[in-house]
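Letter by letter, the chains look like this.
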Amino acid sequence: MDNSDYAAFAADVVLIDEHQQLLADLSDTLANRVQTLLNNTAFDGKLASTIASFEPAPLVLVGVGKRDKLGGNAVQKLAKTVYSSLSKYTTHARVWLGDGLDSVMFGQFALALANAAYQFTDYLSQAKSTADHANEKGGVADAPRLTHIELLLKTDTITAYQNVLDFNVALHHGQSLARDLGNMPPNDCNPAYFVQQAQALAKQYPDVLQVKVIGEREMAELGMNCFLAVSNGSTQEGQLVLLEYRGAPDEAAVKAPSDVFDQAPFALVGKGITFDSGGISIKPGLGMGEMKFDMSGAGSVLGTMAALCQARLPINVVGALACAENMPSGQATRPGDIVRAMDGTSVEILNTDAEGRLVLCDSLLYVQRYQPRVIIDVATLTGACIVALGHIRSGLYSNDEDVIFDLEQASQEAHDRVWHMPLDDDYQEQLKSKFADVQNIGGAPAGSVTAACFLARFVENVPWAHLDVAGTAWQTGKEAASTGRPVPLLMHYLNRQVKLAQAN
Ligand code: BES
Ligand code: MN
Ligand code: ZN
């Protein structure tokens, strides 16, 4: 058969548990084929096991193991298996889920399936995945790529599932934007590019989104000298990009950005170092290319704003992107320099590679103008966080029990996991400077904690959380690629706030 026939074929996937309870509601023809396949093979339904038959069209059975044991990790594994087993055969497919997934697991499954289809090929002259594919298929140039999946399920509450699906489609778009920004090279994804992307988003959603940009001149007027101490070393101008999303039901529409909201907004602040060379405290060369991902905090905040716009959550949110490049040059900050943050705090910069906290402290101070109800910052802040938590959980620091609880709940729902870390005042000792109010490094012990303690000094009387995503925002090594985390966590957190408000 030629390739066009091949691509047009639809395939079916049927989930099978160990006791085959999920089979009950299949159409007769499909049920017969499934039964024949089960009768003629030793397929036992173990998690992520597969078996396929090809006539008259591809049919893949995928095991889910024991139904009651389907946790977040199992659902991720299942989605990846379903995607990879199908992607070889078709552009369009149907997946029969029966009543195997509750709505939360269904949401995770749908998102993981969509994320499995993500590719970043903008800089390849010839799309690589297609080329790889073609090799497997004996040189067919444009082998099929799976882009359409129908999910079929058995439920009495289909609208609930549809809402979960819509939410996750919006989340997927935002997460893909965050991944694109992370994967882009740092010569293109620079602070000016973030400004462009924010403005493009506002143009797409003019009724709910306004953008305000603070460049270096205005930063100087505002006294944001910690931020400037980072951006000064680069020829790229530093930019603090503010995205004002007004989705709350009674919120008065505005035509231009305004610090004032009728209903207090949630504030999200992202570290956007578009390349972190370390500055004068320059990093070793090995693996430095991965420091293009140091803008992942800002990328995830922008991705969350995009998802919010698409999902139209009835809530107000301010997103702040703290964008700068950390470079060595004649204008760069020296170790030993002392500068004042926007609130007058003097900071002795003893290591220019501890730059994230410098752009963040001024950005945290700035967003307090909005009188936010909660501030959450997201940053690839410390290598020490990777030592502590590896690449599985993000570090969560907070001054507020409710925020901790809500983020932990959201984290479970999203399967975008966090671990609550300490913020005791005792750690502040390590930040004592001989010459200034505070220094920007706290020494080797508890490096992720002292970085969080530095930030805590710039947040007053507001519930605040800091997410250190150094280990989770991208996969490192040979397969280095952005994960788009923690967009799922942030979206689930905001959605949870909507539901809590509606319940009261
Ligand atoms: N962006 C880095 C942290 C980082 C390192 C994230 C590796 C992911 C992988 C941050 O700006 C940094 O350089 N932090 C220093 C702080 C130190 C100088 C106190 C670090 O972690 O070494
Ligand atoms: Mn650094
Ligand atoms: Zn950094």
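As a convention, each chain's residues are numbered from 1 in the sequence order in which they are written. Chains carry letters and ligands carry numbers; both start at the beginning, A for chains and 1 for ligands, and go up in the order they are written. Local features in this predicted model are restricted to residues whose pLDDT is 70 or higher, and side-chain atom pairs enter the listing and the counts only when it is 80 or higher, whereas totals over whole chains, interfaces and linings include all residues. Based on all heavy atoms of the structure, the side-chain values leave hydrogens and waters out of the count.

Going by what an unreviewed UniProt entry lists, the protein is known as Probable cytosol aminopeptidase and is assigned to Faucicola atlantae. UniProt positions are given in the numbering used here, feature names are shortened, and annotations may be inferred rather than shown by experiment. Quoted verbatim from the Subcellular location (unreviewed entry) field of UniProt, the annotation for the protein is "Cytoplasm". The annotation that UniProt attaches to the protein under Function (unreviewed entry) is "Presumably involved in the processing and regular turnover of intracellular proteins. Catalyzes the removal of unsubstituted N-terminal amino acids from various peptides."

Q: I keep staring at the site of ligand 1 and nothing clicks. Help me out?
A: Around ligand 1 lies a shell of 17 residues, among which Lys-283, Asp-294, Asp-353, Glu-355 and Gly-383 are the nearest. At 3.2 Å, a side-chain N or O of Lys-271 approaches an oxygen atom of ligand 1. Under this definition, polar contacts are N or O atom pairs within 3.5 Å; protein pairs additionally need one hydrogen-donor-capable and one acceptor-capable atom, and for neighbouring residues in sequence, both atoms have to be side-chain atoms. At 2.7 Å from an oxygen atom of ligand 1 is found a main-chain nitrogen or oxygen belonging to Gly-383. Shrake-Rupley sampling with a 1.4 Å probe provides the accessible areas, and residues are treated as covered by the protein chains on show and by no other component. Here ligand 1 has 520 Å² of accessible area as a free molecule, and 77% of this is covered by the chains. More than half of the atoms of ligand 1 fall within 2 Å of the grid points belonging to the second largest pocket. Secondary structure is summarised from DSSP: a helix means a run of H or I of at least four residues, a strand means a run of E of at least two, and numbering begins at the N terminus for each. Secondary-structure elements contributing two or more residues to the shell around ligand 1 are β8 (266-276) and α12 (383-389). For this description, a residue counts as near a given molecule or strand if any of its non-hydrogen atoms is within 4 Å of it. Each cavity reported here is a set of points on a 1 Å grid over the protein atoms alone in which a 1.4 Å probe fits but cannot get out, each pocket an open set with protein on both sides within 12 Å along at least five of seven lines, and each lining residue one with an atom within 4 Å of a point. Pocket occupancy is defined atom-wise: a molecule lies in a cavity or pocket when more than half of its atoms are within 2 Å of its grid points.

Q: Looking at this model, I keep getting lost on the coordination of the manganese ion (ligand 2). Mind explaining?
A: In a perfect tetrahedron of four donors around a metal, the angles come out at 109.5 degrees. In a perfect octahedron of six, they are 90 or 180 degrees. Sites may look incomplete, because water is not among the atoms used; the donor set itself consists of N, O and S atoms within 2.8 Å of the metal (3.2 Å for Na, K and Ca). Protein-derived ligands of the manganese ion (ligand 2) are Asp-276 (OD), Asp-353 (O), Asp-353 (OD) and Glu-355 (OE), with the metal-ligand distances lying across 2.0 to 2.2 Å. Any coordination sphere not matching a tetrahedral pattern (four donors, all angles between 85 and 135 degrees) or a square planar or octahedral pattern (four or six donors, opposite donors over 155 degrees apart, other angles between 65 and 115) is reported as irregular. Taken together, the 6 donor atoms coordinating the manganese ion (ligand 2) and their angles of 70 to 168° define a geometry best described as irregular. Spacing between the donor residues of the manganese ion (ligand 2) along their common chain follows D-x76-D-x1-E. Here the manganese ion (ligand 2) and the zinc ion (ligand 3) are spaced 3.2 Å apart, with Asp-276 acting as a shared donor. Placement of Asp-276 in strand β8 and of Glu-355 in the loop between β11 (346-349) and α11 (356-367) is noted, with a sequence separation of 79 residues between them. For every residue, the accessible area (1.4 Å probe, protein chains only) is compared with the maximum for its type, and the residue is labelled buried under 20%, exposed over 50%, or partly exposed between those bounds. Its relative accessible area of 1% is what places Glu-355 among the buried residues.

Q: I'm lost on the UniProt feature "binding site: Mn(2+) 2" (unreviewed entry) in the protein in this one. Help?
A: The UniProt record annotates "binding site: Mn(2+) 2" (unreviewed entry) at Lys-271, Asp-276, Asp-294 and Glu-355. Their sequence span is 85 residues, while the largest C-alpha to C-alpha distance among them is just 11.2 Å; these annotated residues converge on one region. From the list above, the largest cavity is lined by Glu-355. Should any heavy atoms of two residues lie within 4.5 Å, those residues are considered in contact. Aside from chain neighbours lying at most four places away, what touches Asp-276 is Lys-283, Met-288, Met-291, Asp-294, Asn-326, Asp-353 and Glu-355.

Q: Would you take a moment to explain the pattern of salt bridges for this structure?
A: Close approach of charged atoms allows side chains with opposite charge to pair. Salt bridge, as used here: a side-chain nitrogen of Lys or Arg that lies within 4 Å of a carboxyl oxygen of Asp or Glu. For the structure shown, the criterion picks out 16 salt bridges. Asp-12 is paired through a salt bridge with Arg-94; the nearest N and O atoms lie 2.8 Å apart. Placement of the pair is Asp-12 in strand β1 (residues 10-17) and Arg-94 in strand β4 (residues 92-98), with a sequence separation of 82 residues. For Asp-12, a relative accessible area of 8% translates into the label buried. Judged by relative accessible area, Arg-94 falls into the partly exposed class, the value being 33%. Here Lys-66 ties to Glu-18 by a salt bridge, and the two come within 3.4 Å at their closest N and O atoms. Residue Lys-66 is located in the loop between β3 (59-65) and α3 (72-87), and its partner Glu-18 is located in the loop between β1 and α2 (28-40); the two are separated by 48 residues in the primary sequence.

Q: Explain the sheet that holds β4 to me, please; I cannot follow it from the model alone.
A: Each strand in a sheet pairs with its neighbour through backbone hydrogen bonds, running either in the same direction (parallel) or in the opposite one (antiparallel). Strand order in the open sheet formed by 5 strands is β2-β3-β1-β4-β5, and the pairing between neighbours is mixed. The open sheet terminates on both sides in strands that have one partner only, identified here as β2 (50-53) and β5 (148-153). For this sheet the average axis-to-axis angle between neighbouring strands, irrespective of direction, equals 20°. If DSSP finds at least two bridges between two strands, the strands pair. With 4 bridges connecting them, β2 and β3 associate as antiparallel partners. Bridging across to β3, Thr-50 finds its partner in Val-62. Helix α4 (residues 103-116) rests against β4 and β5 of the sheet, and its axis sits at about 165° to β5. Lines fitted to C-alpha atoms define the axes, with helix axes restricted to the stretch in contact, and inter-axis angles between N-to-C directions lie between 0 and 180 degrees.

Q: Would you explain the sheet that holds strand β16 (residues 464-468) in this entry?
A: Taken in spatial order, the 8 strands line up as β6-β7-β9-β8-β12-β16-β13-β14 in an open sheet, and their pairing is mixed. At either end of the open sheet lies a strand with only one pairing partner, and these are β6 (209-214) and β14 (418-420). Going across the sheet, the axis of each strand differs from the next one's by a mean of 20°, ignoring polarity. In the sheet, strand β7 (residues 239-246) pairs with strand β9 (residues 316-326) via 8 bridges, with the strands oriented antiparallel. By the bridge assignment for β9, Leu-242 is matched with Ala-320. Sheet contacts for helix α14 (residues 447-456): β12 (374-379), β13 (394-398) and β16; angle to β16, the most-contacted strand, approximately 145°.

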